Amino acid sequence: MNKKYLIIILLCLIISIISGLYAKDLIIGGTILLTGLLCAYFASEGKRINYILGLINYLLMGYVSFKNNLYGTFIFYIFIFSPLQIKGFITWNNNLDEENNVNVREFTLKNSFIIVSSCILGSFILGYLLSLIPNQRLALMDATSNIINLCGVILMILRFKESWWLWLCNNIIDLCIWIITFVGKGEGSFMMLLVSIGYLLINVYGIIKWSINAKKENKKEQF
């Protein structure tokens, strides 16, 4: 195994164990933090193993979201994002370069308009539907986070580097949701807050990494 990957895995494992012990949520929370950090990191590196880690992560986050009455997040994580991890693994497996890294693509102006419009419209529609569910908390924020996340997941499966910008927006919203939930002493919210912070940091790395890879792909196409 690549030494850099081994160091990252050990570092994430140590952080997850320490955080889990501190929060008294080692099994569920610790696993969510570990798989979340590693999933985001390996995605930024263009490695398909991120989808295996993502499947585990989404299933567990769906469980925690259900316990905190975030039903929109629960539905998306369990019934949409989890199956998409399988689709993503298959798609990336068919689009690898000679170093087993995924080939990166870039947006056109048309792509950008469609995605932005879809996110805005989808957020308001889903937000309204979630507000009809008894005990649903933070309906519009929950909806916006999940719609942006969904678009990001689809774009990641399609290998677009702009998926990282969408996830950056989503992480900011997600971070606000779990800060509010943590302040309200929601179950498992501390670990979910740490996951959101970890995602935010790795997202910045992903933006830089995929932008560099996209430039390399463009140079190859020119020759």
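Not measured: the values here are computed from a predicted model.

1. Regarding the overall build of the chain
Looking only at helices and strands, the chain has 8 helices and 0 strands in total. Helices and strands appear in the chain in the N-to-C order α-α-α-α-α-α-α-α. On C-alpha atoms alone, the chain measures out to a radius of gyration of 17 Å, which is about the 17 Å that the 2.2 N^0.38 rule sets for 223 residues. A buried classification covers 49% of the 223 residues belonging to the chain. Long-range pairs, those at least 24 residues apart, make up 72% of the contacts in the chain between residues at least 6 apart in sequence. For the chain, the exposed area adds up to about 11,600 Å²; of that, 71% sits on carbon and sulfur atoms. When the 18 positive and 12 negative side-chain charges of the chain are each reduced to one mean point, those points stand 2 Å apart.

2. Some remarks on helix 3 (residues 50-67)
Taking 1.5 Å per residue as the helical rise, helix 3 with its 18 residues ought to reach 26 Å, and the 26 Å between its terminal C-alpha atoms agrees with that figure. Where helix 3 is concerned, the buried positions are Asn 50, Tyr 51, Leu 53, Gly 54, Asn 57, Tyr 58, Leu 60, Met 61, Gly 62, Val 64 and Ser 65. Of the residues flanking the end of helix 3, it is Asn 69, one or two places downstream, whose phi is positive at about 60°.

3. Overview of the nonpolar core
Core analysis: the largest hydrophobic core is formed by 58 residues, its most contacted members being Met 61, Phe 81 and Met 156. Every element with two or more residues in this core is listed here: helix 1 (3-23), helix 2 (28-44), helix 3, helix 4 (71-93), helix 5 (109-131), helix 6 (139-157), helix 7 (163-183) and helix 8 (189-222). The element contributing the most residues to this core is helix 6, with 10 residues. In contact with Phe 81, not counting residues within four places along its chain, are Tyr 58, Phe 76, Asn 146, Asn 149, Leu 150 and Val 153.

4. Observations concerning the packing of aromatic side chains
Using the criterion set out here, one finds 18 aromatic pairs in the structure. Where Tyr 22 meets Phe 190, the ring centres are 5.6 Å apart and the plane angle is 55°; that geometry is what we call tilted. Of this pair, Tyr 22 sits in helix 1 while Phe 190 is found in helix 8, placing the two residues 168 residues apart along the sequence. The exposure class of Tyr 22 is exposed, given its relative accessible area of 65%.

5. A closer look at the packing of helix 5 against helix 6
Helix-helix packing is characterised by the crossing angle of the two axes and by the distance between the axes. Following both chains from N to C, one finds helix 5 and helix 6 inclined at 140°, their axes separated by 8 Å at the closest point. Considering their axes alone, helix 5 and helix 6 lie oblique with respect to each other. As for the relative orientation of helix 5 and helix 6, their crossing is right-handed in sense. Residues Ile 115, Ser 118, Cys 119, Gly 122, Ser 123, Phe 124, Leu 126, Gly 127, Leu 130 and Ser 131 of helix 5 form the contact with helix 6, whose participating residues are Ala 139, Leu 140, Asp 142, Ala 143, Thr 144, Ile 147, Ile 148, Cys 151 and Leu 155. In the contact of helix 5 with helix 6, the residues fall into 12 nonpolar, 6 polar and 1 charged.

6. Overview of the confidence of the model for the chain
Chain-level statistics for the chain give a pLDDT mean of 87 and a share of 97% at 70 or above. Of all helices and strands in the chain, the one with the weakest mean pLDDT is helix 8 (82), whereas helix 3 scores best (93).

Parameters and conventions
- Residues numbered from 1 in each chain as written.
- Predicted model: local features only at pLDDT ≥ 70, side-chain atom pairs only at ≥ 80, totals over all residues.
- Heavy atoms only, no water.
- Helix = DSSP H or I, 4+ residues; strand = E, 2+ residues; numbered from the N terminus.
- Rg over C-alpha atoms; globule rule 2.2 N^0.38 Å.
- Buried < 20%, exposed > 50% of the residue type's maximum accessible area, 1.4 Å probe, protein only.
- Contact = heavy atoms within 4.5 Å.
- Areas by Shrake-Rupley, 256 points an atom, 1.4 Å probe, with all protein chains shown as cover.
- Lys, Arg positive; Asp, Glu negative; His and termini not counted.
- Charge placed at Lys NZ, Arg CZ, Asp CG, Glu CD.
- Expected span 1.5 Å × (residues − 1).
- Core = buried A, V, L, I, M, F, W, Y, C linked by side-chain atoms within 4.5 Å.
- Phe/Tyr/Trp six-rings, centres within 6.5 Å; stacked < 30°, edge-to-face > 60°.
- Axes fitted to C-alpha atoms, helices over the stretch in contact; angles between N-to-C directions.
- Parallel < 35°, antiparallel > 145°, perpendicular 65-115°, else oblique.
- Left-handed = near helix turned anticlockwise from the far one by under 90°.
- Nonpolar A, V, L, I, M, F, W, Y, C, P; charged D, E, K, R; others polar.
- pLDDT = per-residue confidence, 0-100.

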